[in-house]
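Structural characterization, general
Residue strings, one per chain:
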Amino acid sequence: MAEEAKVSEAAYSLQKITITDDSKDDYQYEEVSADDDFSLPEDDEDLSKALQTIEEQAEDAKLMEFLSVLNSEKLISDIPQAMDDFFCNFLVRLGMSRTLDCFQTEWYELIERGELRADEAGLVPDVYTRNEQLETENLSLKKDLENYRQTVNKVEEALLKMEKERDFHRMHHKRVLQEKNRLVCDLKRLKAHYASYEPMLKQMSEKYQNSLTQKMLTSLERDKAMGQVTGLQAALHSLESGYAKQMAEAKEGCECTKKKEFEGPTQKGLWEARQKKFLVVASSSGDPDEEAEKKKKGRRDLKDSEFPADAEGTLSFEHAKEQSQPLKSGQYQLSSILKVHDLAVSCLALHPRKNIVLTGGDDHLWKMWGFPDGNILQTGEGHTDWLSGCCFRPSGTQLVTSSGDTTVRLWDLSRSGCILTLRGHSRAVRGCCWHSCGDFVASASADCTSKIWDVNSERCRYTLRGHKDSVNSIEFLPFSSTVVTSSADKTLSLWDVRKGLRVYTFQGHVHSCNHATFNRKGDSIASCDSSGVLKLWDMRMLLPILSIDAGPHPANQVAFHRSGDLVALASSEGSVKVLSRAVGQLSILRGPGVEVRCVRFHSQDSLLSAGADGRVCLWSWAQ
């Protein structure tokens, strides 16, 4: 390192130069005082010209400074290299260390003895220096060239790989296109094939629906005829019994007795045949399939209740139609709010004879309270999950509740406790309803089934299967053996509970149906779905009457007014929407603003709605 330092120091030389104050040139310099201010001529007093002059002077100063730097660099680079430095660098570059040691030893010995001076050795010509620079540049360029070659080789390999992948993907794309074209052709062929069968399927579907309708109507007519036949047979039997009794009394009064051995075999056989015929007709239902089914089963509980016949002109039904009077013009207004449950109210029912309201909530309790003061009359505990439905027995002495714990419970109001628990559903029970005769209870469950329970025999008589998703509500047609169910499979279904068969299916909703109900006349059905759509259906024509979009919030429950002119809808947006069928106008009743779970018309001019905050709102009709 010391030798390299000496070599580097030998490459430069210093020269002492003395600058004297006396100058020998003949130029006469003018003395300028320091106090004089620099001023522009009078012609250059313009501000723009002054700024331009200053900028030019600054540019000249920068240019002069750059030239001085270039001159200094040129002077430094032009200094030739000493001969000894050249040899040393040459030997170092070749790696000849021993030769370098011998050269330096001999070189410095000659200098020490005074036989050789450094300035006498001379300087290396510029050609050698330039050759070394060119050689160095050449080596660096060769290295760069080698690196570029390697890079190019890598790029070529990557390019080949990408071309192969491109060809592979191109072939795959062609195969996919061929497969797509084949599938398109298959789809067109299948569509054409399906289109050829579609009219036949549509015709068969219409025939099936017509046959179901005719079967339902035939069954109703049969039941009506059977009722009349049974009545006529009873009257005939009573007349014959009375006639036989009168004949016996007349014979006794005349003291004319007939001995038994004088009765002929023909008269006796006719009498026995007539009695046997009366017994067969009275016990037969007139349906051979039903008789065969009964014979096949052969095991019927003696406590089972008989399903009532669908008789028209029932007194209570006619009374209900007479009491249904249209409302005068006006609207509902909020009159009071009652806090009934700690959690959300999920079901609401009205007593058939008294001003009593029944509510069930998510707190696992049902409560019976007076209307309109809200005084709690009775509370029921027993369910282990939220209550989904509640209903009074037509007599008003009992009630039924359904719950998310998969059970249906019957409660006796006089005993203030549960008297019967019906089990059979595998998932939560979504609703329940009493039959008008009071002997049967219907329940709907999330396990896609509904059940008809016999209260007297305490067992399930029929399980209604056919829905593809959860059954959300069930309700009996007033004074009939027909029920309507609403399901999450977007359909409504009518069922004949005497046979456990589906009679008709209403289709038209595009979202899950949450609730369906009959009007008091039984000629219309109202349904609502999870998108807030309200639909009215004609029970006789089995066709939709009206569709109202009250969304986008879900509709939870729907209810008819006694007159059938108004339909109330419980909406999740926190309001009750009332539809006037005569006008086709939808009015909105806003209460506390929470989700409304259920709604009921209490009387001719009162409306009840219950929400998720555990409160019940009372609305009164105001003209």
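Look up: the structure comes first, before these words.
Residues numbered from 1 in each chain as written. Predicted model: local features only at pLDDT ≥ 70, side-chain atom pairs only at ≥ 80, totals over all residues. Heavy atoms only, no water.

All right, on to unusual backbone geometry then. In this structure, the amide linkage connecting Phe371 to the following residue, Pro372, adopts the cis form with an omega of 5°. With respect to the helices and strands, Pro372 occurs in the loop between β4 (365-370) and β5 (376-381). Within the chain, His364 stands out as a residue other than glycine whose phi angle is a positive 70°. Mapped onto the elements, His364 comes out in the loop between β3 (356-361) and β4. Under the relative-accessibility criterion, His364 is labelled partly exposed at 31%. The residue Leu542 is not glycine, and still its phi comes out positive at about 60°. Note on placement: Leu542 falls in the loop between β20 (533-538) and β21 (543-549). (Helix = DSSP H or I, 4+ residues; strand = E, 2+ residues; numbered from the N terminus. Buried < 20%, exposed > 50% of the residue type's maximum accessible area, 1.4 Å probe, protein only.)

Before going further, it helps to spend a moment on the environment of Asp412. Considering the arrangement of structural elements, one finds Asp412 in strand β8 (residues 407-412). In this structure the C-alpha to C-alpha distance between Asp412 and Gln398, which are 14 residues apart in sequence, comes to 4.7 Å. Residues contacting Asp412, with those up to four places away along its chain left out, are Thr397, Gln398, Gly417 and Ile419. (Contact = heavy atoms within 4.5 Å.)

This part is about the pairing of strand β28 (residues 615-622). Summarising the sheet, strand β1 (residues 331-339) and β28 pair through eight bridges and their orientation is antiparallel. Bridge assignment links Ile337 to a residue of β28, and that residue is Cys617. Pairing of strand β27 (residues 606-611) with β28 involves five bridges; the strand directions are antiparallel. Looking across to β28, one finds that Leu608 is bridged to Leu618. (Pairing = 2+ DSSP bridges.)

Right, let's talk about the pattern of salt bridges for a bit. Tallied over the full model, the rule gives 13 salt bridges. In this structure, Asp186 and Arg182 form a salt bridge, with 3.4 Å as the shortest nitrogen-oxygen distance. With Asp186 and Arg182 both in helix α6 (residues 126-253) and four residues apart, the pair spans about one turn of that helix. Asp186 sits in the buried class, given a relative accessible area of 19%. Arg182 gets classed as partly exposed once you look at its relative accessible area, which sits at 41%. A salt bridge links Glu595 to Arg597, with the shortest nitrogen-to-oxygen separation between them at 3.7 Å. The exposure class of Glu595 is partly exposed, given its relative accessible area of 27%. Among the ionic contacts, a cluster of salt bridges with common partners joins Glu179, Arg182, Asp186 and Arg189. (Salt bridge = Lys/Arg side-chain N within 4 Å of Asp/Glu carboxyl O.)

A few words now on the sheet that holds strand β16 (residues 491-496). Spatial strand order, β14-β15-β16-β17: four strands in an open sheet with antiparallel pairing. Each edge of the open sheet carries a strand with a single partner, namely β14 (471-476) and β17 (501-507). Along the sheet, successive strands turn relative to each other by an average axial angle of 20°, direction set aside. Alignment of β16 against β17, held across six bridges, turns out to be antiparallel. Bridge pairing links Thr491 to Gln507 in β17. (Axes fitted to C-alpha atoms, helices over the stretch in contact; angles between N-to-C directions.)

This brings us to the sheet that holds β20. Across the sheet, which stays open at both edges, the four strands sit in the order β18-β19-β20-β21 with antiparallel pairing between neighbours. The strands lining the two open edges of the sheet, one partner per strand, are β18 (513-518) and β21. The sheet shows a mean angle of 20° between the axes of neighbouring strands, taken without regard to direction. As paired elements, β18 and strand β19 (residues 524-529) share five bridges and run antiparallel to each other. Paired with Thr517 across the two strands is Ala526, which belongs to β19.

Turning our attention to the packing of aromatic side chains. In the structure shown here, the tally under the stated rule is eight aromatic pairs. For the pair Trp366 and Trp411, a centre-to-centre distance of 5.5 Å together with 70° between the ring planes defines the contact as edge-to-face. One end of the pair, Trp366, is in strand β4; the other, Trp411, is in strand β8, with 45 residues separating them in the sequence. You can call Trp366 buried: its relative accessible area is 2%. What links up through ring pairs into an aromatic cluster is the set Phe307, Phe440 and Tyr462. (Phe/Tyr/Trp six-rings, centres within 6.5 Å; stacked < 30°, edge-to-face > 60°.)

By themselves, these are just geometric observations and shouldn't be taken as functional.
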